[in-house]
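# Observations on the model geometry
Residues per chain are reported as follows:
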Amino acid sequence: MDREPVTVWARPERGARGPAAVHSRAELTAVAVELADRSGLSAVSMRQVAKALGTGQASLYRYLAGRADLLDLMTDAVTGEIDLDVPLSGDPVADLAALAARTKAVQLRHPWLSDIPPEPLRLGPRGLDYLEYALRAMAPAGLPGGTGLEVVALLNALVAQFARAELQGGGADSGRRAAQAAYLSAAAARGDHPHLAAALAERPGAGPAEDPQALFERTMRRVLTGLLAPPQ
């Protein structure tokens, strides 16, 4: 009979059989994160981690069931870089917007995070701490628990999207961006898209080239204000 699958967090640090452990999960994770930071997520494999550690690939299976475990460990490790010691102000919108900014900073430091397959329950110890902090931050809003979880999921999805756009936009050709902006302005000026023209005319900031961080902060506050509003 097949055994029920068990998450890496519910298994011992290493299997009971075989030689004594030489490395730890923390060491494996640090090597994997370094590989991903340097060469992207595709560079992370059990073989490459074993090579970096100077050991055989088979030895890693004393610690992990496979690459999925490694991705879980990596995700949780960098989640631990998000500062959760920042005192809460009691303003859910401000506190969650600040948390979102700190989360995006981690995403930008580790671009490979956007390539991790999304799983709603990919939560390790640090992920649980993050979730608890976010739910505590929105507690003054008085939302039902299930709704609070949905807000956190939406916040994280929006953060990931902004981080991805910022990373990809940073490599865009400036001439191409200028051409795109000119095309948009010309299209609005022709009069065929009056709502677009009005939206561009009223847009705050410096037009299409607005500072990404300012756009991020304004968007997060606007979205969070709507999400945390009492139901009508």
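These numbers come from a predicted model, not from an experiment.

What counts as what
- All residue numbers here refer to positions counted from 1 along the written sequence of the relevant chain.
- At least 70 in pLDDT is required for a residue's local features to be given in this predicted model, at least 80 for side-chain atom pairs to be given and counted, and no such filter applies to totals for whole chains, interfaces and linings, which use all residues.
- No hydrogens and no water enter the side-chain calculation; it runs on all heavy atoms of the structure.
- Helix and strand definitions follow DSSP, with helices as H or I runs of at least four residues and strands as E runs of at least two, each counted in order from the N terminus.
- In what follows, a contact means two residues having at least one pair of non-hydrogen atoms within 4.5 Å.
- Calculation of accessible area relied on Shrake-Rupley with a 1.4 Å probe; when residues are assessed, cover is drawn exclusively from the protein chains displayed.
- Pairing of aromatic side chains here covers Phe, Tyr and the six-membered ring of Trp, requires ring centres within 6.5 Å, and sorts the geometry by plane angle: under 30 degrees stacked, over 60 edge-to-face, intermediate tilted.
- Lysine NZ or arginine CZ positioned within 6 Å of the ring centre and within 35 degrees of the ring normal marks a charge as sitting over the ring.
- For helices, the axis comes from a line fit to the C-alpha atoms of the stretch in contact; other axes are also lines fit to C-alpha atoms, and the angle between any two N-to-C directions lies between 0 and 180 degrees.
- Angular relationships are summarised with four words: roughly parallel below 35 degrees, roughly antiparallel beyond 145, roughly perpendicular across 65 to 115, and oblique for the angles in between.
- Crossing handedness follows the turn of the near helix against the far one: under a right angle anticlockwise gives a left-handed crossing, and clockwise gives a right-handed one.
- Residues are sorted three ways: Asp, Glu, Lys and Arg are charged, Ala, Val, Leu, Ile, Met, Phe, Trp, Tyr, Cys and Pro are nonpolar, and all the rest, Gly among them, are polar.
- A helix is expected to reach a length of 1.5 Å times the quantity of its residues less one.
- Burial classes follow relative accessibility: with a 1.4 Å probe on protein chains only, a residue under 20% of its type's maximum area counts as buried, one over 50% as exposed, and anything between as partly exposed.
- Directions are taken from the helix axis to each C-beta atom, and the arc is the one they span.
- Among buried residues, the Ala, Val, Leu, Ile, Met, Phe, Trp, Tyr and Cys ones that are joined through side-chain atoms within 4.5 Å form a nonpolar core.

Of regular secondary structure, the protein possesses nine helices and zero strands. Of the regular secondary structure in the protein, the N- to C-terminal order runs α-α-α-α-α-α-α-α-α. Within the protein, contacts between residues at least 6 apart in sequence are counted, and of these 69% link residues at least 24 apart. Counting every atom, the protein has about 13700 Å² of accessible surface; 58% of that belongs to carbon and sulfur.

A few words on the packing of aromatic side chains. Summed over all chains, the structure comprises one aromatic pair. Ring geometry for Phe 162 against Phe 216: centres 5.2 Å apart, planes inclined by 75°, an arrangement best described as edge-to-face. Here Phe 216 lies in helix α9 (residues 212–227) and Phe 162 lies in helix α6 (residues 145–169), a separation of 54 residues in the sequence. Over the ring of Phe 216 we find Lys 104, and its NZ or CZ is 4.8 Å from the ring centre.

α6 packs onto helix α4 (residues 92–109) with a crossing angle of 45° between their chain directions and a minimal axis gap of 9 Å. Viewed along their axes, α4 and α6 adopt a mutual orientation that is oblique. Crossing hand, α4 versus α6: right-handed. For the pair α4 and α6, the contacting residues are Leu 96, Ala 100, Thr 103, Lys 104, Gln 107 and Leu 108 in the first and Val 151, Leu 155, Val 159, Ala 160, Phe 162, Ala 163, Glu 166 and Leu 167 in the second. For the contact of α4 with α6, the residue count by class is 10 nonpolar, two polar and two charged.

A separate point is helix α5 (residues 125–137). Because an α-helix completes one turn every 3.6 residues, residues spaced three or four positions apart along the sequence face the same direction. Compared with the 18 Å implied by 1.5 Å per residue over 13 residues, the 19 Å span of α5 between its first and last C-alpha is a close match. Taken together, the buried positions of α5 are occupied by Gly 127, Tyr 130, Leu 131, Tyr 133, Ala 134 and Ala 137. The arc enclosing the buried residues of α5, seen along the axis, measures out at 160°, which places them on a common side. On its buried side, α5 packs onto α3 (67–79), α4 and α6.

This part is about the environment of Val 159. Inspection of the secondary structure assignment puts Val 159 in helix α6. When the C-alpha positions of Val 159 and Ala 105 are compared, they lie 9.6 Å apart, and in sequence the two are 54 residues distant.

For soluble globular proteins, nonpolar side chains are generally found buried alongside one another. Core analysis: the largest hydrophobic core is formed by 47 residues, its most contacted members being Val 49, Met 74, Leu 96 and Trp 112. The set of elements that each furnish at least two residues to this core consists of α1 (25–39), α2 (46–53), α3, α4, α5, α6 and α9.

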